[in-house]
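Structural characterization, general
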Amino acid sequence: MNDPTQIHANVVVAGVGGQGVVLAGNIIADVCMYYGLDVKKAEVHGMSQRGGAVSSQVRFGVEVHGGLIEKGQLNWIVGFEWAEALRWMPLLSPEGSVFVSTEEIIPPSALKDRVSGMVRYPLELLDHPRVRAFDAPALAKQAGNVKAAGVVLLGALSIDLPFSLDVWNQALTRWVPTKALEINLRAFELGRRWEEKAPVTKPQPVPKPITRQVWLNLEESWCKGCGICVNVCPERIWTLNQKNVVEALSPERCTGCGLCEKLCPDFAIDVLTESTIRVNEEGGSVLWQPN
Amino acid sequence: MNPGKALLRQDMMPHILCPGCGHGIVMSALVRVLAKRYASLDQVALVAGIGCSSRVVGYIDANTLHTTHGRALSFATGLKLARPELTVIVVTGDGDGLGIGGNHLIHAARRNVDLTCILFNNETYGMTGGQLAPTTVTQAFTTTTPYGNHESAFDATALVTAAGATFVARAQAYRPDLLEGLIEQALDHRGFSFLDVLTDCTEYFSRKNQLGAGSDLLFSQTRSDTEISLDLTEWPRLQEPDGFPVRNLMPMGVLHESNRPTLEEVMELPGYRPKEG
Amino acid sequence: MATELVSGNEACARGAMAAGCNFFGGYPISPSSEVAEALARLLPKNGGVFLQMEDEMGSLGSVLGASLGGAKAMTATSGPGFTLMQEHLGYATLAEIPCVVVDVMRVGPSTGVPTAPSQGDVMQARWGSHGDRAVIVLAPASVQEIYEMTIIAFNLAERLRTPVVLIYDEVLAHMRERVELLVPHQEDLWRRPKPSVPPGPGYRPYLANEEGVAPLPNFGDGYRFHVTGLMHDERGYPTTQAKAVSQLMSRLKNKMEPVTEWILPESYRLEDADLAFVAYGITARVAKEAVDRLRDAGILAGLFRPRLLWPVPVTDFQKLLGHAGIAVVAEMNQGQWVEVVERLAPRSMQVLGQGKLGGEPMTTEELMNVAETLMQKGARVL
């Protein structure tokens, strides 16, 4: 594995939209091609603006036939977002290792429900002996921009690979926009020294429960039926009934944004969150509250 | 929950404003700010003139003074100089503050008495049935301009700035958070602070000019971060032969801020504690 | 006590200071401006506030605002300015805000003769503000009385929580007389009634006291309440209920009743008079001289001088004047208070209005001529 022209390995870069996963795969591929290796690259992306999963599989060697990595054949996982990295654990070879950022980016799909803010977000596997987790965004910030966290992880990966620093830097120069190059080169260098530079942190094994709760209170006798709330509510909770008084169709969908309350000219709607609950003790009729 | 709701005179609610009236939204923002700033309204006086806007103060459980048409600022000036320790907030409308009371407005700005004037600007005389106001844009229809307004509108902020106000800002009912922030800034300001708040008259101005009601009216003004574009020709219904007037872009936010001694300071009134800054 | 030679306007300002006035908001107008000028000097030195406003509406507005804050507040003006203040006078009546308004009468209508005297605002002082209201109008006849009545005006305004108008003419305003500037005892300065209950829910600011006056606290005293020019209930909340409105209007009228007992008219040689002059202000002074000179000539004349023009001192009028055969109402206008006399006079009494226009004061000779002509027509001669 020490001869860069003879190496044969598989790397996965995994993260969420906007982190530069595809770019990182391109840089790895660029470096490999410098050494005359055959490179195959497969990507999953799309819907990435909303925090969706993005991954880039990079296979390289003297000769590579297929683009997809098979079970047990994955040598390195570079996780820009640690939960995304976990998806690839089943493919990891017994000697394989994982560089992962401890950053948590909870995708919308992991939200169990928006009212309570509870999420499904697996955390257990991080104790895996081959996982090297550190705070990449912190190092990127040191380099000058938190967005360079992916390049920090690439720097960490580069220590395990036999390619020379010069070649990595050349690849970075080709792929990174000129105005951000200096920061990225610094980030890469910091990544190579992550063990001394970055505090090793592990995410909390259990996420802090987010207990955001919303109550809706309607003073029907004050409502004049103007319909502002009906149209401003992003969740379309409100409707006007036959008496031309507002009524909650689906209060459980309320996210507590408070738009209806602030734009109600008649003080008819209260959106109560935890901080304002005590006001409700007066005995106003609570329209809806979570279980 | 609007914490300001606890400051309302519950036995007077619901208020008299029409369905969808922007004044109610401004009132909501005002009491929200009051609740945030003052543990008690014992030392807060709200002074108003006559008109839809001016009825608002009666619903707030403070020292409230519903005066005569246009004269709120003169009452407020006397009250503030007699009791400099009070926080005095004037609620006025465009007809009240710029029409019949325009003289008091410019002189209050000139004197730089330490009070805050919030002008609810709905471009019309709502209480009397939707007549032409000094803020009605050119060509707009009102009950007294059946052929469209021949006159030009006042820019209240430019007027009071020229008159010497030391804090001048513009907000609108449509953006309650901006409005709240500007009310706070106006109250923080040492000296005469003026806030022009664009609101809507659903019953008269809107009907006469086919601007829709409720949320339609609220959304009828296109907006950017720093300006409100009142270019209503974007409204298909209004692109009829005589169409609705194109209104100029109106700047939003803090438009003028300066620092000079308040009248209370110059008169060395005991009991007056100037705010920081 | 100091005795000084001061003008009527100066005496008014000095009286205001003696009464504890600590706020003046005004607008310059002849012939009242010296009241403002004097208070501009006196108030700031004594912890008060002097404010020159942008117009007369603003002047009385600032006075009412200051009064609600607890100040003893006043303004001074003349005919055209008094007209502009009428709306706020009505407001002060309905909202029950104490204030003193001085009207120095000049020749009108309109700009008229700004520097010449008249008594043309008597009816404006009574009915100038729209709607239906009871008023207090005081008419001093000397510089000394201007000083004293300014203090009285504040007392009435405070105790009854109502605007009090002090009217005198340009001659009195600019006349200089020897005045004893008596400093009133603190206990002689009436204070506005205060609420007898602590602030709290259920507090009703417009619940009248035993004198029919709403004992309003000052703004900032910890009572939060609403003041409006709309008809209101005891809570101060607007109402259109006919019963509540009529009760309020009756109370505002009835609370004025004791004023006629407090401010008595001057009666001069009326006991056996066949002919009674009825005159107020500067005109009463020439009428008084006419009385003496007519008596010297053998005509039994007398003078009834109301010091309080409104409310009308009905009882005193009937008690003192009832037996005179002729009443000559002398005033510098086309006949204003004469209407009151005509209304109150017994059928047996002949009432004659003697007006004087043009800006020159009434003279003793004019009144004597009128009296002599009347008596020659058949009245009893001694």
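Residues numbered from 1 in each chain as written. Chains lettered and ligands numbered in written order. Predicted model: local features only at pLDDT ≥ 70, side-chain atom pairs only at ≥ 80, totals over all residues. Heavy atoms only, no water.

**Examining the overall build of chain C**
Check the secondary structure of chain C and you find 14 helices and 16 strands. In chain C, buried positions account for 62% of the 382 residues. The long-range fraction of contacts in chain C, counting pairs at least 24 apart against all pairs at least 6 apart in sequence, stands at 76%. When the accessible surface of chain C is totalled, it reaches about 14,500 Å², and 51% of it is carbon and sulfur. (Helix = DSSP H or I, 4+ residues; strand = E, 2+ residues; numbered from the N terminus. Buried < 20%, exposed > 50% of the residue type's maximum accessible area, 1.4 Å probe, protein only. Contact = heavy atoms within 4.5 Å. Areas by Shrake-Rupley, 256 points an atom, 1.4 Å probe, with all protein chains shown as cover.)

**A short note on the overall build of chain A**
Across its full length, chain A holds nine helices and eleven strands. Burial statistics for chain A: of 291 residues in total, 51% are counted as buried. Taking the contacts inside chain A whose residues are at least 6 apart along the sequence as the reference set, 63% of them involve residues at least 24 apart.

**Some thoughts on the interface of chain C and chain B**
Each partner contributes residues to the interface: chain C has 37 residues there, and chain B has 37 residues. Note on chain C versus chain B: buried area summed over both sides is about 2,900 Å², and carbon and sulfur give 57% of it. Our count for the contact surface shared by chain C and chain B stands at five salt bridges. B:D61 is the partner of C:R224 in a salt bridge, and the nearest nitrogen-oxygen pair spans 3.2 Å. Scanning the region where chain C abuts chain B turns up 23 residue pairs in polar contact (both at pLDDT 80 or more). For the side of chain C that touches chain B, the secondary structure elements donating two or more residues are β3 (49–52), α3 (56–68), α5 (86–95) and β10 (226–228) of chain C. Here the residues of the side of chain C that touches chain B are counted per class, giving 18 nonpolar, 13 polar and six charged. Here strand β2 (residues 63–66) of chain B runs beside β10(C); their pairing, made up of three bridges, is parallel. (Buried area = accessible area lost by both parts, 1.4 Å probe. Salt bridge = Lys/Arg side-chain N within 4 Å of Asp/Glu carboxyl O. Polar contact = N/O pair within 3.5 Å; in protein donor to acceptor, adjacent residues only side chain to side chain. Nonpolar A, V, L, I, M, F, W, Y, C, P; charged D, E, K, R; others polar. Pairing = 2+ DSSP bridges.)

**A short note on the side chain of C:D316**
Residue and element names in this part refer to chain C. As for its placement among the helices and strands, D316 is situated in helix α12 (residues 314–321). With relative accessibility at 11%, the residue D316 sits in the buried group. Look past the residues within four positions of D316 in its chain and what remains in contact with it is T260, L264, P265, F304 and L321.

**So, the packing of helix α1 (residues 8–19) of chain C against helix α7 (residues 143–160) of chain C**
Residue and element names in this part refer to chain C. Taken N-terminus to C-terminus, the directions of α1 and α7 make an angle of 35°; their axes are 8 Å apart at the nearest point. Crossing angle aside, the handedness with which α1 passes α7 is right-handed. Contacts between α1 and α7 involve G8, A11, C12, R14, G15, A16, A18 and A19 from the former and V143, I146, Y147, T150, I151 and F154 from the latter. For the contact of α1 with α7, the class distribution of residues is ten nonpolar, three polar and one charged. (Axes fitted to C-alpha atoms, helices over the stretch in contact; angles between N-to-C directions. Left-handed = near helix turned anticlockwise from the far one by under 90°.)

**Focus: the nonpolar core**
Residues B:F192, C:V227, C:W310 and C:W337 are the most contacted members of the largest nonpolar core, which totals 86 residues. Sorting elements by how many residues they give to this core places helix α3 (residues 72–82) of chain B first, with six residues. Structurally, this core is a two-domain feature, drawing no fewer than three residues from each of domain 1 (2–188) and domain 2 (264–376) of chain C. Apart from residues lying up to four places away in sequence, C:V227 is in contact with B:T64, B:L65, B:H66, C:L68, C:Y91, C:A95, C:I97, C:Y206 and C:F219. (Core = buried A, V, L, I, M, F, W, Y, C linked by side-chain atoms within 4.5 Å. Domains from an automatic or database assignment.)

**Description of the sheet that holds strand β4 (residues 74–79) of chain A**
Residues and elements named next belong to chain A. Strand order across the open sheet formed by six strands is β2-β3-β1-β4-β5-β6, with mixed pairing between neighbours. Pairing within the sheet leaves two strands with one partner each, and these edge strands are β2 (38–44) and β6 (131–134). Looking at each pair of strands side by side, their axes are set apart by 15° on average, direction ignored. Inspection of the sheet shows β2 paired to strand β3 (residues 53–61) by seven bridges, in the antiparallel sense. Looking across to β3, one finds that A42 is bridged to Q57. Sheet strands in contact with helix α4 (residues 149–160) are β1 (9–16), β4, β5 (92–101) and β6, and its direction is about 150° off that of β5.

**A short note on the packing of aromatic side chains**
Under the defined criterion, the tally for this structure stands at 14 aromatic pairs over all chains. Ring centres of A:Y34 and A:Y35 lie 5.1 Å apart, and the angle between their planes is 85°; this geometry places the pair in the edge-to-face category. Between C:W190 and C:W262, the aromatic rings sit 5.0 Å apart at their centres with planes inclined by 70°, giving edge-to-face as the arrangement. Here C:W262 lies in helix α10 (residues 259–262) and C:W190 lies in the loop between β9 (176–181) and β10, a separation of 72 residues in the sequence. Overall, the relative accessible area of 27% leaves C:W262 in the partly exposed class. Members of the aromatic cluster, joined through ring pairs, are A:Y34, A:Y35, A:F60, A:F163, A:W168 and A:F188. Positioned above the aromatic ring of C:W190 is the side chain of C:R159, whose terminal nitrogen or guanidinium carbon lies 4.6 Å from the ring centre. (Phe/Tyr/Trp six-rings, centres within 6.5 Å; stacked < 30°, edge-to-face > 60°. Lys NZ or Arg CZ within 6 Å of the ring centre and 35° of its normal.)

**A look at the sheet that holds strand β7 (residues 167–172) of chain B**
In spatial order, the strands read β12(B)-β7(B)-β8(B)-β4(B)-β3(B)-β1(B)-β2(B)-β10(C); together these eight strands make up an open sheet with mixed pairing. On the outer flanks of this sheet lie β12 (253–257) of chain B together with β10 of chain C, each paired with one strand and no other. Strand-to-strand twist in this sheet, taken as the mean axis angle between neighbours without regard to direction, amounts to 15°. Bridge count between β7(B) and β12(B): four bridges; the pairing is antiparallel. Among the inter-strand pairings, B:V168 is bridged to a residue of β12(B), identified as B:H256.

**Re the packing of α4(A) against helix α6 (residues 178–192) of chain A**
All names here are of chain A. At a closest axis distance of 6 Å, the pairing of α4 and α6 adopts a crossing angle of 45°. The angle between α4 and α6 falls in the class oblique. Considering the relative orientation of α4 and α6, their crossing is right-handed. Residues V151, V152, L154, G155, A156, S158 and I159 of α4 form the contact with α6, whose participating residues are N184, A187, F188, G191 and R192. Tallied by class, the residues present in the contact of α4 with α6 amount to seven nonpolar, four polar and one charged. (Parallel < 35°, antiparallel > 145°, perpendicular 65-115°, else oblique.)

**A short note on the side chain of B:D96**
Residue and element names in this part refer to chain B. Structurally, D96 is set in helix α4 (residues 94–100). It turns out D96 is buried and unbridged, and the closest side chain with the opposite charge, R71, is 7.7 Å from it. Here G70 takes part through its backbone nitrogen, which lies 2.5 Å from a polar atom of the side chain of D96. Non-local contacts of D96, meaning those with residues more than four positions away in its chain, are made with G49, I50, S54, T68, H69, G70 and G101. (Lys, Arg positive; Asp, Glu negative; His and termini not counted.)

**Details of the environment of A:K147**
Within the secondary structure, A:K147 sits in the loop between α3 (136–143) and α4. Note: C-alpha distance between A:K147 and A:G18 (129 residues apart in sequence) is 9.0 Å.

**Quick notes on α1(C)**
Every α-helix winds through 3.6 residues per turn, so residues three or four apart in the chain are directed the same way. Between its first and last C-alpha atoms α1(C) spans 16 Å; for twelve residues at 1.5 Å apiece the expected length is 16 Å, and the two agree. With eleven of twelve residues buried, α1(C) is to be regarded as a mostly interior element. (Expected span 1.5 Å × (residues − 1).)

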